[in-house]
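# An overview of the molecular structure
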Amino acid sequence: MGARLRAALLLTLAPACWSAPAATEALAQPDFAQASPAAPADVPRVRLVATGGTISNRQGGRLTADELVKLMPNVGRYARPEFEQFANVASAQLTLDQWLDLAKRLNRLFADDPGLAGVVVTGGTDTLEELAYFLHLTVRTDKPVVVVGSMRNPSTLGYEGSANLLEGFRVAAEPFARGRGVMVVLNDEINAAREVTKADARRLHTFQTRGYGVLGVVDPDRVVFYRRVEKKHTAKSEFDVSSITALPRVDVILTYQGAPGDLIRAAADQGAKGIVIATAGAGATSGTQGEGILYAMGKGVFVVRTARAGSGRIAGRPRLTSPSGSAAPDPRDLSIAGEDLAPVKARILLMLALTKTQSPAEIQRMFLEY
């Protein structure tokens, strides 16, 4: 074969030889693209509803919702952020009336804006688990509602608020987050509002779900879910707060060695409609608490027993005993087993239950189902 012919053949075959790597790259590209952030025009809309808390508590003035959004790095890769300022106070300063207003506001947002993918709520960590559980029972949507906060304030070295907020937006924008109820997102973990508790006063790894584990995690590449909450919540909740103007008073009282029953009496006399007892063990009271419970129930006050241990189930309706140890009758049968709810969360469920019914059997059903 002559030199000219060989050169011509090489020129003819060269494009085909070089096209093979390009074709292989094109075939592999879709898998890579699935892990990449969507284009800004395609990302879902997520709304921040800010209430305050440590995440906003900068020295010299609290950060606003607008400023919080601007602190999130690359949020546009995951969501189109919107924001509004509901409140800007410490979590303990949020009132029950504001809880009601917040739940009503979130319900209106989802009803009026079908294109909204999800909502992120900021709050203080001290009572964040309570706020989250209240929203878990009263925001009636299957779209994600994510509650976030931070343990360090924006003026502190190591402030993690922006990272937590960004992860909250990622979870709220995640399609697989739908139908999982209200979630608490901090420190790369997703916990269920019903089950999560603040387990440490200062450490970043404070929000934990004892016994059941996290719902999922927020990793650099994607949001991963491992399980769902089986109890009723959000879209399947029967609690409609649209016409409720105030929540009934429900107090929490702790059992400890030699605890006096007069504290329970005082709560009943001061107008409590319900009392949650954080009992020892699996429902035990101490001192004269049994007498106080009988007194409260005699005045029509519902009494829910929960476990002060922070986990464990209170089963059935416990029978009261007098100081002598003899069985005492329940005059109104208003004793409710709190199941595995933490005392502060049993309080929330009882408050909402009392807006619907005065039937002990119905309230016990709610504690079984929620």
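First, a word on what this report is: a plain description of the structure on this page.

A probe matching the size of a water molecule, rolled over the atoms, marks out where space remains unfilled. If you walk through the whole model with that rule in mind, you get one cavity of 30 Å³ or more. For the largest cavity, the calculated volume is near 40 Å³. If you trace the largest cavity, you find it lined by Leu186, Asn187, Glu189, Leu204, His205, Thr206 and Phe207. Within the lining of the largest cavity, the residues separate by chemical class into three nonpolar, three polar and one charged.

The subject of this paragraph is a nonpolar patch on the surface. Together, Leu254, Tyr256 and Leu263 give the surface a local cluster of nonpolar side chains, amounting to about 270 Å² of exposed area. Within the fold, Leu263 resides in helix H6 (residues 262-269).

For the rest of this paragraph, the subject is the pairing of strand S4 (residues 145-148). Side chains on a regular strand alternate between the two faces of the sheet. Side chains of S4 alternate between two faces, with Val145 and Val147 and Val146 and Val148 buried alike. Here strand S3 (residues 116-122) pairs with S4 via four bridges, running parallel. Directly across from Val121, in S4, lies its bridge partner Val147. For S4 and strand S5 (residues 182-186), the ladder comprises three bridges, and the chain directions are parallel. Its bridge partner being in S5, Val145 is matched across the sheet by Val182. Crossover handedness for the path S4 to helix H5 (residues 161-173) to S5: left-handed.

The next thing to look at is the environment of Leu48. Residue position: Leu48 is located in strand S1 (residues 45-52). On the basis of relative accessibility, which here comes to 0%, the residue Leu48 falls in the buried class. Ignoring anything within four residues of it in the chain, the contact list for Leu48 reads Ala65, Leu68, Val69, Glu82, Phe83, Glu84, Val120, Thr122, Leu165 and Phe169.

Here we take up unusual backbone geometry. In this model, Thr234 sits at a positive phi of 35 degrees, which is unusual for a non-glycine residue. Here Thr234 lies in the loop between strand S10 (223-225) and strand S11 (250-254). Judged by relative accessible area, which is 3%, Thr234 ranks as buried. Even without glycine at this site, Glu339 takes up a positive phi of about 55 degrees. When you line up the elements, Glu339 lands in the loop between strand S14 (335-337) and helix H8 (343-354). Residue Glu339 is classed as buried on the basis of its relative accessible area of 6%.

What counts and how
- Residues numbered from 1 in each chain as written.
- Predicted model: local features only at pLDDT ≥ 70, side-chain atom pairs only at ≥ 80, totals over all residues.
- Heavy atoms only, no water.
- 1 Å grid on protein atoms, 1.4 Å probe; cavity = no way out; pocket = protein on both sides within 12 Å on 5 of 7 lines; lining within 4 Å.
- Points joined across faces, edges and corners; volume = space filled by probe spheres on them.
- Nonpolar A, V, L, I, M, F, W, Y, C, P; charged D, E, K, R; others polar.
- Patch = residues over 30% accessible without salt bridge, like charges linked within 9 Å, V, L, I, M, F, W, Y side chains within 5 Å.
- Areas by Shrake-Rupley, 256 points an atom, 1.4 Å probe, with all protein chains shown as cover.
- Salt bridge = Lys/Arg side-chain N within 4 Å of Asp/Glu carboxyl O.
- Helix = DSSP H or I, 4+ residues; strand = E, 2+ residues; numbered from the N terminus.
- Buried < 20%, exposed > 50% of the residue type's maximum accessible area, 1.4 Å probe, protein only.
- Pairing = 2+ DSSP bridges.
- Right-handed = clockwise from strand over helix to strand, strands pointing away.
- Contact = heavy atoms within 4.5 Å.

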